[in-house]
There are 2 protein chains.
Amino acid sequence: MDAEYGTLDRWWRAANYLSVGQIYLMGNPLLREPLLPEHVKPRLLGHWGTTPGLNFVYAHLNRAIMARRQPMIYVTGPGHGGPGVVASSYLEGTYSEIYPEIGLDEPGLRRLFTQFSFPGGIPSHAAPETPGSIHEGGELGYALSHAYGAAFDNPDLVVAAVVGDGEAETGPLATSWHSTKFVDPRRDGAVLPILHLNGYKIANPTVLARIAEDELVALLRGYGHAPYVVAGSDPAQMHADFAGTLDRCLDEIADIQGEARSAGDPVPRRPWPMIVLRSPKGWTDPKEVDGLQVEGSWRSHQVPFANARSDDGHRRVVEDWMRSYEPESLFDERGAPAADIAALHPEGELRMSASPHANGGLLLKPLRMPDFREYAVEVDAPGTGAVEATRVMGGFLRDVMAQNMHNFRLFAPDENSSNRLQDVMEVTDRTWNAEILDSDDHLAPDGRIMEILSEHTCQGWLEGYLLTGRHGFFSCYEAFIHLVDSMFNQHAKWLESTRRIEWRRPVASLNYLLTSHVWRQDHNGFSHQDPGFIDHVVNKKADVVRVYLPPDANTLLSVADHCLRSKHYVNVIVAGKQPALQYLSMGDAIVHCTKGLGIWEWASNDDGPDGPDVVMACAGDVPTMETLAAVSLLREHLPDLRIRVVNVVDLMRLQPASEHPHGLSDADFDALFTADRPVIFAYHGYPWLIHRLTYKRTNHHNIHVRGYKEEGATTTPFDMTVLNNLDRFDLAIDVIDRVPRLGATSGVAREEFKNALIRHRQYIRTHGEDLPEIQDWQWQPASGPAVRTEDPERTTPEA
Amino acid sequence: MDAEYGTLDRWWRAANYLSVGQIYLMGNPLLREPLLPEHVKPRLLGHWGTTPGLNFVYAHLNRAIMARRQPMIYVTGPGHGGPGVVASSYLEGTYSEIYPEIGLDEPGLRRLFTQFSFPGGIPSHAAPETPGSIHEGGELGYALSHAYGAAFDNPDLVVAAVVGDGEAETGPLATSWHSTKFVDPRRDGAVLPILHLNGYKIANPTVLARIAEDELVALLRGYGHAPYVVAGSDPAQMHADFAGTLDRCLDEIADIQGEARSAGDPVPRRPWPMIVLRSPKGWTDPKEVDGLQVEGSWRSHQVPFANARSDDGHRRVVEDWMRSYEPESLFDERGAPAADIAALHPEGELRMSASPHANGGLLLKPLRMPDFREYAVEVDAPGTGAVEATRVMGGFLRDVMAQNMHNFRLFAPDENSSNRLQDVMEVTDRTWNAEILDSDDHLAPDGRIMEILSEHTCQGWLEGYLLTGRHGFFSCYEAFIHLVDSMFNQHAKWLESTRRIEWRRPVASLNYLLTSHVWRQDHNGFSHQDPGFIDHVVNKKADVVRVYLPPDANTLLSVADHCLRSKHYVNVIVAGKQPALQYLSMGDAIVHCTKGLGIWEWASNDDGPDGPDVVMACAGDVPTMETLAAVSLLREHLPDLRIRVVNVVDLMRLQPASEHPHGLSDADFDALFTADRPVIFAYHGYPWLIHRLTYKRTNHHNIHVRGYKEEGATTTPFDMTVLNNLDRFDLAIDVIDRVPRLGATSGVAREEFKNALIRHRQYIRTHGEDLPEIQDWQWQPASGPAVRTEDPERTTPEA
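Residues numbered from 1 in each chain as written. Chains lettered and ligands numbered in written order. Predicted model: local features only at pLDDT ≥ 70, side-chain atom pairs only at ≥ 80, totals over all residues. Heavy atoms only, no water.

Participant: I'm lost on the overall build of chain A in this one. Help?
Facilitator: The helix and strand inventory of chain A stands at 26 helices and 22 strands. Relative to the compact-globule value of 28 Å for 799 residues, chain A shows a C-alpha radius of gyration of 31 Å, a close match. Residue burial in chain A is summarised as follows: out of 799 residues, 70% are buried. Counted over contacts in chain A with a minimum sequence separation of 6, partners at least 24 positions apart contribute 77%. (Helix = DSSP H or I, 4+ residues; strand = E, 2+ residues; numbered from the N terminus. Rg over C-alpha atoms; globule rule 2.2 N^0.38 Å. Buried < 20%, exposed > 50% of the residue type's maximum accessible area, 1.4 Å probe, protein only. Contact = heavy atoms within 4.5 Å.)

What follows is the structure in structure tokens.
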């Protein structure tokens, strides 16, 4: 072996030895005595197959970092390679700095080995516990989008991203290669993808390892890359080839960036270099065990042979395998890495395992925030006007953007303008580094609005951006945010796990604006109607999830300001983009959002000693409008009825305080919702969620919820509410049906009024919602929306 | 224009005219008078941009079908092109056959136009209502996987799949190109992808339209295709180019299939032809309106100019645009298509809009089913044994496969064997049409186990396969099925919609087996723990969703048999793959599964007039085991306590009968769960789901649920239950805390016993679950698991 690579090979062998040790051993970590059953873990768990490749790349990246003083982080898509990343960070010293009980000596080694995949220990993936990782490898598909998220706005950083050939088959990964069209070589760092073809998944070969090499190279060129293939299994040859290729790639990256940074517009567009590494699965493990191929086969995927504790033969195979790395030459007397190995890593924060980019909270700076109150909509009277709430927020986001031009990005799947956030284009463009035509609108390589028609890529970019210490905002059609349900799961679990890891610093919250919501899919219809992301989100730990349903523009501004300032949460904001009534002045909105929910006294008439006959609760913009319209009807026609209106912005306030930090105490809940009066609750989403949140409350059996129940079509907004019994007439009928004393006290007979409501609802459905009672309706408690107690069918000339 | 294409061009113009008419008009459908405001719809909704391209392709496919008598179906990824697909099926006559009120005359035309994107009318997508569609275009990304699903096992079929350049950016679409490695040219039909580059999404250009053509061609070659580019906007040239290219592609397909079908093994692997169609977005609409480019820009995406009713200028633009197609020459006096146009389509079922493949229920044959009882596991006594339930089901699936070799496939993201279904490989292989090595295991082009590491592709293939009238089964790790949450949504909505469409015949159910579940992620840990797919599923209409939690192998067999025979549902089965206790003989299993839930009398001791002191309910394999262990503890130590054990297999039985067709009546529910005794419910998933299902029940306030509450780690199975308070000791403590009379009647003092339970739980956590009380535990009500009432810490030598 070339002398240049001798120590590097020793480093690699040490990392491999430490990886195997983690998987198999709980004693005798330096093999200073023969391997006995009690040295082997009783349950062998872990994934070896990808690990030697990850260790190999790590060693070579370190060589390059040291030679170039090039800041890098390491994203390992084949996440099951946890033992490798742990081993490398241990050899770099970082692991012991963070976890002092895992010292650089024999007792430390024993603990290092034992903790792996062991109760109370560490997971088998590159997990939040792993220094240097921003990428949990549990679910596959996000290595490249995370890597690009990390590279954006970090011009000096190179993100080395290993893509496993299993992971490469996932949809999210397959499209994330196109991130090449969204990186600006002037202002962003670079991603160096390393496609690691070791040929096998759990039980099958991989697609990309089994197509002809010219097909593979064409594919990668098609993604915008210049691929270089390093293939083989002989360490000496592989060290030389990989080192040369890596140098070439880093030179090309520097050249692309240098050219772009010295040239003016347009930014030259060149293919980015990348590496294809073909090496055997389980590289350096036994060629054959029990007559079956191990190295280079799927049998190396997890623990190559599982009986090493009880089977003397298998145990001997493990011992021979581990001794093949020559541990006696790799570790000194105390058990610390030999001096040459211990010296073979960059110092301080240049160690990938100690990079502050991989513990983004260290780098997090609060956003400079404009005063959201300055964007307030004037509200002459509650329940008037016609304002697009998200458009108002777009103005606010524009100025957040303007004040945080290197620290904040917007993400949307081609929906930023559709979601009415287009005002941000006054200060920035949409990111685009492919062909630009004269007729194009606000496209530029250094744009900060990230739009690709892939919710997965948007989410992955944003996660990578947040985890490296920046801020962002994701707007999406409500129904299709389910595309990232599983990505949300993983991110929420990452946040939850890192809350318990002291050295991890909090990162900025992941903020979702869900709009184009279920109630306003006038032409998209049934397929675009699903408000269930909220249900999905609230299954995760209360520590890390928040859900807001601001009913109008000023409350949306207040909520958005709060979310952008928060840390380490997932905030879900649901708000409409269509012209809608406004309810609260900015002052009132701030008070209301601070409480999270409250009585709207201006809409209520329940003062007096007896309290309300009924509580009409609402959450969400359309339910709030329909509730107020129902209240208006009832107060006009049943003036004796005492109604309390409660609006809910912060959905988590409904939960018991024991379940969520925002939860109301039972006393406070009862004070708002009463202990014994009927509650008619109009809710934006699936109605049973309100029951799930309130089932422990005193008055739960009296809470009657209306919401979306999968009744939908291509139809008008009003008809959508009718189909789901959330319309003003149904809500009023719910009240009539549930307030016992109504028959006696009302001005018109109960049944007669109810029938009039039913007739009137039908009349509007038949004659279109251009009728003034829908189109021109505004909140006027003293003269509510018309209810024609005569048969409206007979009053219309067309009927 | 070449005479050959003259009529074809007329057909295209007619389809375009009908498409524009659907978007804009509600009167004057043939423009036989000047266009007036009242002829224009008050709300203009729809998507024009992609439509002329879809119409163009449809016309050309018809030409090829007629020339070759080649059966084809048409999958339109750019789903918003609904008006185009509707127009084509109208010109073919199919639309009027299915919807007689939309006749081939002027009144029919008026109705055709008016119903589009209109309340009570049809959606703007290629929806379930659209003849010839198996593909709702609401959510993007599944055109190719649906197309391949349709092509599998249909050797004579060609599926023309238009991929929009917006859709092409999605992850699921990006990876589905690799379906080329899973198609067998001998036994499967072919997919002809037509990548339609019209350049724009809602507001942005598309990535694939803005990379260099050599990059694009390389990408498509990398996917395994031989791409042919047809580009331009001049109709005459485009007709000639497209027709020639289409002929060439169909010839190549025939050649590939012919060669493969006459050759022996190995199947030659050749690139499949495909077409890249570059045409202007909004092709044939006005070049410019109000000084802004329309044709060829994103402004053509939806309704190109929206004021056509109120703005005279805009209305004139629409009128001129529509007249540019020369409607007077395209339709006859009555308003029917001119004779040459009306003749330009294939007859009968060769019409793509009338293909039985696109109404798969017409072709559906029931599976030939082996008798599932023959796979029964012997159960000597309830609560004994150690059986991998899914492995037992694998044997059953093997024989289902053997008897339905052209009609049934398995789908899994590289997890079929991990999920213990490997016995199916005794009768078939894994599908693989890329390089195969001698060392490979059960790979073959005609294998029927479809494995790619993409849940999206598996789901898309399966949907396409089911919607064209076949059967399938999808096994997946429980946590990662969330990857297809949104695809499930769309499929469930498709099923729900087609229930209401008379001419659509029911298709086979989509069956999920979720395994590797939350309680057994011993080495994968927190990231692999999420039982929330059930929560997601039950948000959809009760008509189409079913959820089963069989506790052991025999109940799993019974449930699987039922699901495979069912139609038009989504069935979710959750079952473990690890060795586990068995409870029911096959006879008992059938009775239990038929009821869906019931009292396990052999585990209960509540007979007698007073009924039970407590109901211990359970759903799921691990909860069932822990419940029985708790019952065993309680009956050993508190023999006076009257316990009823209720096991739930069919989760929907818990809902009220008014909410779900499987729901129990309140009387039956009360008979099982009592009206007033505490219920301790051990549930597989998130506990609040049980509350959401039961909140209307009499005894709901007494139901106390334990389940997964996002407490997890890399740890042992028993410790997982402890972390989530679902373990036997916690369940027993729950009983002690909730049965009022316990303190007085029990043999040992209540608090002393409870403390012993707590100490014993901690002892096991500390000393590992190799202890016999965990490892060797089996159900023995007369001598339950040990509880050391002395401090177990003091009894162990290691402590």
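Participant: Before we go on, may I ask you to explain the relation of the copies chain B and chain A in this structure?
Facilitator: Each of the two chain copies can be generated from the other by rotation about an axis followed by a shift along it. Relative to chain A, chain B is turned by 180 degrees and slid 0.0 Å along the rotation axis, the superposed coordinates differing by an RMSD of 0.0 Å. Taken together, the rotation and translation relating the two chain copies correspond to the operation of a two-fold axis. Most of the interface of chain B is mirrored in chain A: 99% of its interface residues are interface residues there too. (Least-squares fit on C-alpha atoms with pLDDT ≥ 70 in both.)

Participant: I would appreciate a short explanation of the domain arrangement of chain A in the present structure.
Facilitator: Interfaces are frequently sized by the accessible area removed from exposure as the parts join. Residue and element names in this part refer to chain A. Looking at chain A, the domain boundaries give domain 1 (3–347), domain 2 (372–580) and domain 3 (598–795). Here the C-alpha centroids of domain 1 and domain 2 sit 34 Å apart. In this assembly, 36 residues from domain 1 lie in contact with 33 residues from domain 2. Here domain 1 packs against domain 2, burying approximately 2800 Å² in sum over the two surfaces, 60% of which is carbon and sulfur. Across the domain 1-domain 2 interface, the total number found is 3 salt bridges. The closest approach of N and O atoms between Asp188 and Arg409, which form a salt bridge, is 3.0 Å. Inspection of the domain 1/domain 2 interface yields 19 residue pairs in polar contact (both at pLDDT 80 or more). Here the element with the most residues in the side of domain 1 that touches domain 2 is helix H6 (residues 143–151); it accounts for 5 residues. Tallied by class, the residues present in the side of domain 1 that touches domain 2 amount to 16 nonpolar, 10 polar and 10 charged. (Domains from an automatic or database assignment. Buried area = accessible area lost by both parts, 1.4 Å probe. Salt bridge = Lys/Arg side-chain N within 4 Å of Asp/Glu carboxyl O. Polar contact = N/O pair within 3.5 Å; in protein donor to acceptor, adjacent residues only side chain to side chain. Nonpolar A, V, L, I, M, F, W, Y, C, P; charged D, E, K, R; others polar.)

Participant: Got a minute to help me understand the side chain of His491 of chain A in this structure?
Facilitator: Residue placement: His491 of chain A occurs in helix H15 (residues 485–499). Non-local contacts of His491 of chain A, meaning those with residues more than four positions away in its chain, are made with Glu463, Leu467, Leu510 and Val570 of chain A.

Participant: How do you make sense of the interface of chain B and chain A when you look at a structure like this?
Facilitator: Between chain B and chain A, the residue contacts involve 114 residues of the former and 113 residues of the latter. For the pair chain B and chain A, the two sides together bury roughly 8900 Å², of which 54% comes from carbon and sulfur. Linking chain B with chain A are 16 salt bridges, by the criterion used here. The partner of Lys540 of chain B in a salt bridge is Asp530 of chain A, with the nearest N and O atoms 2.6 Å apart. Inspection of the chain B/chain A interface yields 49 residue pairs in polar contact (both at pLDDT 80 or more).

Participant: What is the right way to look at the pattern of salt bridges in this model?
Facilitator: Oppositely charged side chains can form a pair if their charged atoms are brought close together. Under the definition given, this model contains 107 salt bridges over all chains. Ionic pairing is found between Glu213 of chain A and Arg278 of chain A, a salt bridge with its closest N-O pair at 3.1 Å. Of this pair, Glu213 of chain A sits in helix H8 (residues 213–222) while Arg278 of chain A sits in strand S5 (residues 272–278); the two residues are 65 residues apart in sequence, bridging distant segments of the chain. Notably, a salt bridge pairs Asp184 of chain B with Arg186 of chain B, separated by 3.2 Å at the nearest N-O pair. Beyond isolated ion pairs, a larger network of salt bridges with shared partners links Glu4, Arg63, Arg68, Asp247 and Asp251 of chain A.

Participant: Is there a simple way to explain helix H14 (residues 455–467) of chain A in this structure?
Facilitator: All names here are of chain A. With 13 residues, H14 should cover 18 Å at 1.5 Å per step; its first-to-last C-alpha distance of 18 Å lies within 8% of that length. Taking burial as the measure, the 13 residues of H14 include 13 buried ones, the bulk of the element. Looking one or two residues past H14, Gly469 carries a phi angle of roughly 95 degrees, positive in sign. (Expected span 1.5 Å × (residues − 1).)

Participant: Is there a simple way to think about the packing of helix H1 (residues 6–24) of chain A against helix H10 (residues 312–323) of chain A in this case?
Facilitator: Two quantities define a packed helix pair, namely the angle between the axes and the distance from one axis to the other. Residue and element names in this part refer to chain A. For the pair H1 and H10, interaxial distance at closest approach is 10 Å and the crossing angle is 155 degrees. The angle between the axes of H1 and H10 places the two elements in the roughly antiparallel class. Between H1 and H10 the crossing geometry is left-handed. Of the residues in H10, those touching H1 at Tyr17, Val20, Gly21 and Tyr24 are Val318, Trp321 and Met322. Here the residues of the contact of H1 with H10 are counted per class, giving 6 nonpolar, 1 polar and no charged. (Axes fitted to C-alpha atoms, helices over the stretch in contact; angles between N-to-C directions. Parallel < 35°, antiparallel > 145°, perpendicular 65-115°, else oblique. Left-handed = near helix turned anticlockwise from the far one by under 90°.)

Participant: Please clarify how the sheet that holds strand S5 (residues 272–278) of chain B should be interpreted in this entry.
Facilitator: Backbone-to-backbone hydrogen bonds join strands into a sheet, with any given pair of strands oriented parallel or antiparallel. Residues and elements named next belong to chain B. Pairing within the open sheet is parallel, and its 5 strands lie in the order S1-S2-S3-S5-S4. Strand pairing shows two members of the sheet lacking a second neighbour, strand S1 (72–76) and strand S4 (225–231), which therefore form its edges. The sheet shows a mean angle of 20 degrees between the axes of neighbouring strands, taken without regard to direction. Against the sheet, helix H2 (residues 51–68) makes contact with S1, strand S2 (158–164), strand S3 (190–197) and S5, and its axis sits at roughly 170 degrees relative to S1, the strand it touches most. (Pairing = 2+ DSSP bridges.)

Participant: Would you take a moment to explain the confidence of the model for chain A for this structure?
Facilitator: Close inspection of predicted coordinates is inappropriate for parts of the model with low pLDDT. Residues and elements named next belong to chain A. Confidence along chain A averages 93 in pLDDT terms, with 97% of residues attaining 70 or more. Under a pLDDT of 50 for its full length, residues 794–799 has, in the predicted model, 7 contacts with residues more than four places off or in other chains. The ipTM, which scores confidence in the relative placement of chains, is 0.96 for this predicted complex, and the corresponding pTM is 0.97. (pLDDT = per-residue confidence, 0-100.)

Participant: Can you walk me through the nonpolar core in this structure?
Facilitator: Among soluble globular proteins, nonpolar side chains are generally buried collectively. Residues Leu651 and Phe673 of chain A together with Leu651 and Phe673 of chain B are the most contacted members of the largest nonpolar core, which totals 345 residues. Setting aside its immediate chain neighbours within four residues, Leu651 of chain A contacts Ile534, Val547, Leu549, Tyr683, Leu689, Ile690 and Leu693 of chain A. Ranked by size, the runner-up nonpolar core spans 84 residues in total, among them Ala560, Leu641, Ala682 and Leu731 of chain B. (Core = buried A, V, L, I, M, F, W, Y, C linked by side-chain atoms within 4.5 Å.)

Participant: What's the story with the side chain of His47 of chain A in this structure? I'm lost.
Facilitator: Residues and elements named next belong to chain A. Checked against the element boundaries, His47 lands in the loop between H1 and helix H2 (51–68). Its relative accessible area of 2% is what places His47 among the buried residues. Side chain to side chain, His47 and His80 meet in a polar contact 3.2 Å long.

Participant: Can you help me understand helix H18 (residues 586–595) of chain B in this one?
Facilitator: Residue and element names in this part refer to chain B. Listing the buried residues of H18 in full gives Met586, Ala589, His592 and Cys593. Looking straight down H18, one finds that the buried residues subtend no more than 120 degrees of arc, so they occupy a single side. Where H18 is buried, its residues contact helix H17 (553–565), strand S18 (597–599) and strand S20 (643–648). Directly beyond the C-terminal end of H18, a positive phi value near 90 degrees is found at Gly596. (Arc of directions from axis to C-beta.)

Participant: Is there a simple way to explain the sheet that holds strand S22 (residues 703–706) of chain B in this structure?
Facilitator: All names here are of chain B. Within the open sheet, the 5 strands sit side by side as S18-S20-S19-S21-S22. Their pairing is mixed. In this open sheet, the two edge strands, each paired with only one partner strand, are S18 and S22. The mean inter-strand angle of the sheet, taken between neighbouring strand axes irrespective of direction, is 20 degrees. Where strand S19 (residues 614–619) meets strand S21 (residues 679–683), 5 bridges bridge the pair, whose relative direction is parallel. Within the sheet, the bridge partner assigned to Cys618 lies in S21 and is Ala682. Of the strands in this sheet, S19, S20 and S21 touch helix H19 (residues 621–637), which is tilted by about 155 degrees from S19. Across the sheet, helix H20 (residues 666–673) lies against S18, S19, S20, S21 and S22, angled at about 130 degrees from S20, the strand it touches most.

Participant: Whenever I open this one, the pairing of strand S20 (residues 643–648) of chain A confuses me. Can you help?
Facilitator: Residue and element names in this part refer to chain A. By the criterion of burial, S20 is predominantly enclosed, with 6 of the 6 residues buried. Both faces of S20 are covered, namely the face carrying Ile643, Val645 and Asn647 and the face carrying Arg644, Val646 and Val648. Sheet analysis places strand S18 (residues 597–599) next to S20, joined by 3 bridges and oriented antiparallel. Directly across from Gly598, in S20, lies its bridge partner Asn647. Taken together, the 5 bridges between strand S19 (residues 614–619) and S20 define a ladder with parallel strand orientation. Each residue of the ladder has a partner; that of Met616, found in S20, is Val645. Handedness of the β-α-β unit built from S19, helix H19 (residues 621–637) and S20 comes out right-handed. (Right-handed = clockwise from strand over helix to strand, strands pointing away.)

Participant: Please clarify how the packing of H6 of chain A against H14 of chain A should be interpreted in this entry.
Facilitator: Residues and elements named next belong to chain A. Between H6 and H14, the shortest axis-to-axis distance is 6 Å and the interhelical angle comes to 50 degrees. The angle between the axes of H6 and H14 places the two elements in the oblique class. Here H6 and H14 pass one another in a crossing that is right-handed. Here Ser145, His146, Tyr148, Gly149 and Ala150 of H6 come into contact with H14, specifically with Thr457, Gly460, Trp461, Glu463, Gly464 and Tyr465. Taken together, the residues of the contact of H6 with H14 sort by class into 4 nonpolar, 6 polar and 1 charged.

Participant: Please explain the pairing of strand S15 (residues 545–548) of chain A as it appears in this structure.
Facilitator: Look at any regular strand and the pattern is simple: side chains alternate between the two faces of the sheet. Residues and elements named next belong to chain A. Residues of S15 alternate between two faces, with Val545 and Val547 on one and Arg546 and Tyr548 on the opposite face, all of them buried. In terms of strand pairing, S15 meets strand S16 (residues 570–574) through 4 bridges, oriented parallel. In the sheet register, Tyr548 faces S16, and the bridge partner there is Ile573. Note that the unit made of S15, helix H17 (residues 553–565) and S16 has a crossover that is right-handed.

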